[in-house]
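Structural features, examined
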Amino acid sequence: MGEKKKKIVKTIKVNADECNGCRACEVICSAFHSLPKYSGNNPARSRIRVVREPLTDIYVPVFAGEYTAAECAGRDKYVIDGKEYEECAFCRASCPSRDEFKEPDSGLPLKCDMCEGEEEPLCVKWCLVDALTYEEREEEEEEEESPEEMEIGLEALANKYGLDKITESLARMSMSKRG
Ligand code: SF4
Ligand code: SF4
């Protein structure tokens, strides 16, 4: 057993009823994550995606979550206000079964990083109607992720994308941290 240590849990609360589908969150997220920063704003690079249904006035912001090497065996299908959404429409995973949450040039997975280094996530800042609100809380954590789990994750990524792309992506990440 490892030592207990404190960790900060960051949460963005989504109030979908307030969202008006303006997509400002997508724009600022993709701009913040372009290289160099703010050099472009292709929403395909955004780590948040607004599922939009203007006819019924339904807009649901979805944040990019974990990468998964294999698609899941089951599927989710939602019906909201009589409208049936595509399978997996609200799923957060970067998954081989679809194009969402993948870097358009390299195909590498995208994941929300809570705008690391910023005081507050930028999508929250830019959402003028408070559909997104930010909360932080402190929790005690048992132990760190084991090196074996990290190795398995890296191996899965390398098998899927090839080492060259992973190395390229790491180089881009370290450039963005410096930038
Ligand atoms: S900025 Fe706010 S209102 Fe606009 S699409 Fe994003 S979550 Fe919805
Ligand atoms: S918190 Fe930052 S990285 Fe995550 S979706 Fe919002 S703008 Fe993008």
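Residues numbered from 1 in each chain as written. Chains lettered and ligands numbered in written order. Predicted model: local features only at pLDDT ≥ 70, side-chain atom pairs only at ≥ 80, totals over all residues.

1. As for the site of ligand 2
Taken together, 13 residues are adjacent to ligand 2, and Cys29, Cys112, Cys115, Pro121 and Cys123 come closest. Among the secondary structure elements, those contributing two or more residues to the shell around ligand 2 are helix 1 (24–32) and helix 2 (122–126). Here the shell around ligand 2 takes three residues from helix 1, the largest share from any one element. Partitioning the shell around ligand 2 into residue classes produces 11 nonpolar, no polar and two charged. (Near = placed C-beta within 6 Å. Helix = DSSP H or I, 4+ residues; strand = E, 2+ residues; numbered from the N terminus. Nonpolar A, V, L, I, M, F, W, Y, C, P; charged D, E, K, R; others polar.)

2. A short note on the site of ligand 1
By nearness alone, 15 residues border ligand 1, and Cys19, Cys22, Ala24, Cys25 and Cys127 come closest of all. Elements represented by at least two residues in the shell around ligand 1 include exactly helix 1 and strand 3 (58–63). Class assignment for the residues of the shell around ligand 1 results in 12 nonpolar, two polar and one charged.

3. Some details on the pairing of strand 2 (residues 48–53)
The pairing of strand 2 with strand 3 spans six bridges and is antiparallel. Following the sheet pairing, Ile48 is matched in strand 3 by Phe63. Linkage of strand 2 to strand 3, two consecutive antiparallel strands, is achieved through a turn of four residues, within which Asp57 is found at a positive phi near 60°. (Pairing = 2+ DSSP bridges.)

4. Considering the confidence of the model for the protein
When the pLDDT values of the protein are averaged, the result is 87; 83% of them are 70 or greater. Element-level mean pLDDT values for the protein span from 65 in helix 4 (residues 163–178) up to 98 in helix 2. (pLDDT = per-residue confidence, 0-100.)

5. As for the nonpolar core
Of all hydrophobic cores here, the largest spans 20 residues; its most connected members are Cys25, Cys29, Ile48 and Cys123. Elements with a contribution of two residues or more to this core: helix 1, strand 2 and helix 2. A total of four residues in this core trace back to one element, the largest contributor, which is helix 1. Beyond its immediate sequence surroundings of up to four residues, Cys29 is in contact with Ser46, Arg47, Ile48, Leu122 and Cys123. (Core = buried A, V, L, I, M, F, W, Y, C linked by C-beta atoms within 7 Å. Buried ≥ 20, exposed ≤ 12 C-beta atoms within 10 Å, placed from the backbone. Contact = placed C-beta atoms within 7 Å.)

6. Here we look at unusual backbone geometry
Residue Pro36 is bonded to the preceding Leu35 through a cis peptide linkage, with omega at -10°. Although it is not a glycine, Asp57 sits at a positive phi angle of roughly 60°. Structurally, Asp57 is set in the loop between strand 2 and strand 3. On the basis of neighbour count, Asp57 is assigned to the exposed category, with 12 C-beta atoms found within 10 Å. Backbone geometry places Met114, a non-glycine residue, at a positive phi of 60°. Its place among the elements puts Met114 in the loop between strand 5 (83–84) and helix 2.

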